[in-house]
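An overview of the molecular structure
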Amino acid sequence: DAGVIQSPRHEVTEMGQEVTLRCKPISGHDYLFWYRQTMMRGLELLIYFNNNVPIDDSGMPEDRFSAKMPNASFSTLKIQPSEPRDSAVYFCASSPQGGRGYTFGSGTRLTVV
Amino acid sequence: AQTVTQSQPEMSVQEAETVTLSCTYDTSENNYYLFWYKQPPSRQMILVIRQEAYKQQNATENRFSVNFQKAAKSFSLKISDSQLGDTAMYFCAFMKPHANTGTASKLTFGTGTRLQVTL
């Protein structure tokens, strides 16, 4: 089991550019979560999916953010256009049914200059 | 909404000693899960231990154990025989099962405690 795989590990982009973060969950996990970590706000949930269907996207900051899960093995988080305040570490995590806890990916450090 | 409070921003412990990290939470729910996650400098989030609220017995995982006090809404983490590799940020987290399905839902995290293990 390779765990949750995120790419890229680091991303530096200019303000106004489109950014796409990618995630491959653990096979068999029904849930996928996108979190953002900053010094000011800590870890905050952006959106989560159950069986590829978005369940709660109330944490998505604004329309510039969108997330998709076209199949059970892949999800993307897109920011368009990016702004400097989007700079953060973005984590993807997956979970089986129940309250066993998430397995996190290694995160993507996004820097928008 | 649930909140999780970690009142110790930083702690230090000598190698081989025991340290306890504090966590309190606020909820009106009776059924929920609690977790401790570790984030070393590599930034990987690693699940350390979990507790189901309906279980009175405190969870234990090797050198890691919890003191779960449901009435007091307290969930502290004890690390015994501390090792240099335990140096990390530790996050306490709360999960309320999904209202309709009783299954996984969002984790609400505390602000973290930075633990430094010294020689």
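Treat the numbers as computed from the prediction; the structure is a model and nothing was measured.

Within chain A, the secondary structure is distributed over zero helices and 11 strands. When the helices and strands of chain A are read in sequence order from the N terminus, they spell out β-β-β-β-β-β-β-β-β-β-β. What you see for chain A is a C-alpha radius of gyration of 13 Å, in line with the 13 Å of a compact globule of 113 residues. For the C-alpha atoms alone, the extent of chain A along its principal axes is close to 40 × 25 × 25 Å. Counting only residues that meet the buried cut, chain A has 50% of its 113 residues in that class. Partitioning the intrachain contacts of chain A with sequence separation of at least 6 by distance along the chain shows that 53% fall at a separation of at least 24. Working note: accessible area of chain A is about 5400 Å², and carbon and sulfur atoms make up 48% of it. Taking the average location of the 11 positive side-chain charges in chain A and that of its 12 negative ones, the two points are 4 Å from each other.

A word on the sheet that holds strand E7 (residues 65–71) of chain A. Residues and elements named next belong to chain A. The strand order E1-E3-E8-E7 describes an open sheet built from four strands, whose pairing is antiparallel. Each of the sheet's edge strands pairs with one partner strand only, and the pair in question is strand E1 (5–7) and E7. Across the sheet, the mean angle separating the axes of adjacent strands is 15° when strand polarity is ignored. Here E7 runs beside strand E8 (residues 74–79); their pairing, made up of five bridges, is antiparallel. Pairing of Lys-68 across the sheet is with Thr-76, part of E8.

All names here are of chain A. Overall, the coordinates contain 13 salt bridges over all chains when judged by the stated rule. In this structure, the salt-bridge partner of Glu-18 is Lys-78, at a minimum N-O distance of 3.8 Å. Of this pair, Glu-18 sits in the loop between strand E2 (10–13) and strand E3 (19–24) while Lys-78 sits in strand E8, and the two are 60 residues apart along the sequence. Judged by relative accessible area, Lys-78 falls into the partly exposed class, the value being 29%.

So, on to the side chain of A:Ser75. All names here are of chain A. Its place among the elements puts Ser-75 in strand E8. Of the polar contacts made by the side chain of Ser-75, one reaches the side chain of Trp-34; its length is 3.0 Å. In terms of polar contacts, Ser-75 uses its side chain to reach the backbone carbonyl oxygen of Lys-68, at 2.8 Å.

Residue and element names in this part refer to chain B. Following the criterion strictly, the structure yields two disulfides over all chains and no others. The disulfide partner of Cys-23 is Cys-92, and the S-S distance across this bridge is 2.0 Å. In this structure the cystine formed by Cys-23 and Cys-92 twists about its S-S bond by roughly -70°; its chirality is therefore left-handed. Here the residue Cys-23 occupies a position in the loop between strand E3 (19–21) and strand E4 (24–26), and Cys-92 occupies one in strand E10 (residues 88–95), the gap between them amounting to 69 residues.

Okay, the nonpolar core next. Across soluble globular proteins, nonpolar side chains show a tendency to be buried alongside one another. Within the largest apolar cluster, 25 residues are counted, with the highest numbers of intra-cluster contacts made by B:Tyr25, B:Trp36, B:Phe75, B:Leu77 and B:Tyr90. At the level of elements, E3, strand E5 (33–39), strand E6 (46–52), strand E8 (64–69), strand E9 (74–79), E10 and strand E12 (113–118) of chain B are the ones that each hand at least two residues to this core. For this core, the element with the highest residue contribution is E10(B), accounting for four residues. Sequence-distant contacts of B:Tyr25, that is, excluding residues within four places in its chain, are made with B:Thr3, B:Val4, B:Tyr32, B:Leu34, B:Phe68, B:Gln69, B:Lys70, B:Lys73, B:Ser74, B:Phe75 and B:Phe94. Within the second largest apolar cluster, 22 residues are counted, among which are A:Leu45, B:Phe35, B:Met45 and B:Ala104.

All names here are of chain A. Here Ser-7 and Pro-8 are connected by a cis peptide whose omega angle stands at -10°. Turning to its location among the elements, Pro-8 is positioned in the loop between E1 and E2. Residue Gln-80 is joined to Pro-81 through a cis peptide bond whose omega torsion reads -10°. Inspection of the secondary structure assignment puts Pro-81 in the loop between E8 and strand E9 (88–95). With a phi close to 50°, Asn-51 is a non-glycine residue in the positive phi region. Its location among the elements puts Asn-51 in the loop between strand E5 (42–50) and strand E6 (53–56).

Calculation criteria
Residues numbered from 1 in each chain as written. Chains lettered and ligands numbered in written order. Predicted model: local features only at pLDDT ≥ 70, side-chain atom pairs only at ≥ 80, totals over all residues. Heavy atoms only, no water. Helix = DSSP H or I, 4+ residues; strand = E, 2+ residues; numbered from the N terminus. Rg over C-alpha atoms; globule rule 2.2 N^0.38 Å. Buried < 20%, exposed > 50% of the residue type's maximum accessible area, 1.4 Å probe, protein only. Contact = heavy atoms within 4.5 Å. Areas by Shrake-Rupley, 256 points an atom, 1.4 Å probe, with all protein chains shown as cover. Lys, Arg positive; Asp, Glu negative; His and termini not counted. Charge placed at Lys NZ, Arg CZ, Asp CG, Glu CD. Pairing = 2+ DSSP bridges. Axes fitted to C-alpha atoms, helices over the stretch in contact; angles between N-to-C directions. Salt bridge = Lys/Arg side-chain N within 4 Å of Asp/Glu carboxyl O. Polar contact = N/O pair within 3.5 Å; in protein donor to acceptor, adjacent residues only side chain to side chain. Disulfide = S-S within 2.5 Å. Core = buried A, V, L, I, M, F, W, Y, C linked by side-chain atoms within 4.5 Å.

These values are about where atoms sit, not about what they do.
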